[in-house]
Amino acid sequence: MAPKGKAGTKGKKQIFEENRETLRFYLRIILGASALYAVVNLVIFYPAASAWTWVSARPAAAAGRAPLAFVFSSVVYGTSYRSMNSMAKPSFAEDGSLADGGIDLNMEQGMAEHLKDVILLTAIVQVLSCFSLYVWYFWLLAPGRALYLLWVNILGPWFTADSSPASQEPNEKKQRRQERRQVKRF
């Protein structure tokens, strides 16, 4: 049963605490996925590999892509996490009390939700790519989703907007009729 009345709002201290926990959670995901990827590629596939020779035990076609994939995922992680961190940055008053808890990272339909999705998608793809580098094609879901949101929220309504003056005239006529009726009532 849905609660009655107005939905409760979060206080700045609660937002601050939840943002801190959210950032910790996603940092653990980033570090765990990267560590697993590095261990599998550096230890299991080639025990004598150094940081410079990464996956030379794999076939020649795949050998150049694994370090590139790791660099790509690191850049995605870094930019997404840094953006979330700057969004959640709190501000404190001169006396040390919390003045603003930052933007709520757990808010639905916010930019932070999309950044969290990118981090999760990258972590899943990175871990699964330990088995096959073809899994990196799943990362194309991110630009596909971005194009979908661009179309649904911006381009689609803009292209299908009805801006003809003929459609505005009936509204003006209705407005005049309503004004006349109101004048007659008083």
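Note that the structure is predicted; figures quoted are calculated from it, not measured.

> So, a nonpolar patch on the surface: which residues are in play, and what are the values?
A contiguous nonpolar patch, built from Tyr148, Trp151, Val152, Trp158 and Phe159 and spanning about 620 Å² of accessible area, is present on the exposed surface. As for its position among the elements, Val152 is in helix α5 (residues 141–160). Classification of Val152 by relative accessible area gives partly exposed; the value is 37%.

> If you had to explain the packing of aromatic side chains to someone new, which residues and values would you point to?
A complete count under the given rule lists eight aromatic pairs for this structure. Look at Trp158 and Phe159: their rings are 5.0 Å apart centre to centre, the planes differ by 45 degrees, and that puts the pair in the tilted class. Following the ring pairs from residue to residue traces out a cluster consisting of Phe72, Trp136 and Trp139.

> For the environment of Gly102, give the residues involved together with the corresponding values.
Checked against the element boundaries, Gly102 lands in the loop between β2 (98–100) and α4 (111–128). When its relative accessible area of 15% is taken as the criterion, Gly102 is described as buried. C-alpha separation for the pair Gly102 and Asn19, spaced 83 residues apart in sequence, amounts to 8.2 Å. Once residues within four sequence positions are removed from consideration, Gly102 is found in contact with Ile15, Asn19, Met87, Ala88, Lys89 and Pro90.

> Mind laying out the packing of helix α1 (residues 12–44) against α4, listing which residues take part and the relevant values?
Where α1 meets α4, the axes come as close as 9 Å, and the angle between the chain directions of the two elements is 20 degrees. By the criterion of interaxial angle, the relationship of α1 to α4 is roughly parallel. Classified by chirality, the crossing of α4 by α1 is left-handed. Residues Thr22, Tyr26, Ile29, Ile30, Ala33, Ser34, Leu36 and Tyr37 of α1 form the contact with α4, whose participating residues are Lys116, Ile119, Leu120, Ala123, Gln126 and Val127. Considering only residue class, the contact of α1 with α4 consists of ten nonpolar, three polar and one charged.

> Could you give me a rundown of the nonpolar core, with the residues and numbers involved?
Ranked by internal contacts, the top residues of the largest apolar core, which has 14 residues, are Leu23, Ile30, Tyr77, Met84, Met87, Leu105 and Ile119. Going through the elements one at a time, α1, α3 (65–87) and α4 are the ones with two or more residues in this core. What Met84 contacts, discounting residues up to four positions off in sequence, is Thr22, Leu23, Tyr26, Leu105, Leu115, Lys116 and Ile119. By size, the runner-up hydrophobic cluster in this structure holds twelve residues, among which are Val40, Leu121, Val135 and Trp136.

Basis of the calculations
- Once a new chain begins, its residue numbering starts again from 1 and follows that chain's sequence as written.
- Local features in this predicted model are restricted to residues whose pLDDT is 70 or higher, and side-chain atom pairs enter the listing and the counts only when it is 80 or higher, whereas totals over whole chains, interfaces and linings include all residues.
- The side-chain numbers reported here are obtained from all heavy atoms of the structure, hydrogens and water having been left aside.
- Distance thresholds for patches are 9 Å for like charges and 5 Å for nonpolar side chains (Val, Leu, Ile, Met, Phe, Trp, Tyr), applied to residues having over 30% relative accessible area and no salt bridge.
- Only the protein chains shown count as cover for residues, and all accessible areas are computed by the Shrake-Rupley method using a 1.4 Å probe.
- One speaks of a salt bridge when a side-chain nitrogen belonging to Lys or Arg is within 4 Å of a carboxyl oxygen belonging to Asp or Glu.
- Only DSSP runs of H or I with at least four residues qualify as helices, and only runs of E with at least two residues qualify as strands; both kinds are numbered from the N terminus onward.
- Using a 1.4 Å probe on the protein chains alone, a residue whose accessible area is under 20% of its type maximum counts as buried, one over 50% counts as exposed, and one in between counts as partly exposed.
- To pair, rings of Phe, Tyr and Trp, with the six-membered ring standing in for Trp, must have centres within 6.5 Å; the planes then decide the type, stacked if under 30 degrees apart, edge-to-face if over 60, and tilted in the middle.
- Pairs of residues are marked as contacts when any of their non-hydrogen atoms sit within 4.5 Å.
- For helices, the fitted line uses only the C-alpha atoms of the stretch in contact; every axis is such a line through C-alpha atoms, and the angle between N-to-C directions lies from 0 to 180 degrees.
- Any angle between 65 and 115 degrees counts as roughly perpendicular, while under 35 counts as roughly parallel, over 145 as roughly antiparallel, and the rest as oblique.
- The sense of a crossing depends on the near helix, which, turned anticlockwise from the far helix by less than a right angle, makes the crossing left-handed and, turned clockwise, makes it right-handed.
- Under this grouping Gly is polar, as are all residues other than the nonpolar Ala, Val, Leu, Ile, Met, Phe, Trp, Tyr, Cys and Pro and the charged Asp, Glu, Lys and Arg.
- To form a nonpolar core, buried Ala, Val, Leu, Ile, Met, Phe, Trp, Tyr and Cys residues must be joined to one another through side-chain atoms within 4.5 Å.

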